[in-house]
Amino acid sequence: MDRKPLVEHVADALARLTGKTTVRCPHSGCSVRIRYRAATPAAAKRLTDLATDHTRH
């Protein structure tokens, strides 16, 4: 059993409890993850776009 996804899920849950949002790259095998807290809507959109556009990282 691969424990990495479980560890990532727990880390994401803990981040959410502290008010952070986690956005991951949807590309298979890519480990890019961006977390932010208290971002303006424009900044949140920019960070989300950066995390989900695999060609930019």
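None of these values were measured; they are calculated from a predicted model.

**With respect to the confidence of the model for the protein**
(1) Moving on: Taken residue by residue, the protein gives an average pLDDT of 92. The fraction at 70 or more is 93%.
(2) Moving on: By mean pLDDT, helix 1 (residues 4–17) is the weakest element of the protein at 90, and helix 2 (residues 41–52) is the strongest at 97.

**Remarks on helix 2**
(1) Moving on: Compared with the 16 Å implied by 1.5 Å per residue over 12 residues, the 16 Å span of helix 2 between its first and last C-alpha is a close match.
(2) Moving on: What helix 2 keeps buried is the set Ala 44, Leu 47 and Ala 51. Across the axial projection of helix 2, the buried residues extend over an arc of 65°, all falling on one side. Of the exposed residues in helix 2, the ones pointing more than 90 degrees away from its buried face are Pro 41, Ala 42, Lys 45 and Arg 46.

Thresholds applied
Residues numbered from 1 in each chain as written. Predicted model: local features only at pLDDT ≥ 70, side-chain atom pairs only at ≥ 80, totals over all residues. Heavy atoms only, no water. pLDDT = per-residue confidence, 0-100. Helix = DSSP H or I, 4+ residues; strand = E, 2+ residues; numbered from the N terminus. Expected span 1.5 Å × (residues − 1). Buried < 20%, exposed > 50% of the residue type's maximum accessible area, 1.4 Å probe, protein only. Arc of directions from axis to C-beta.

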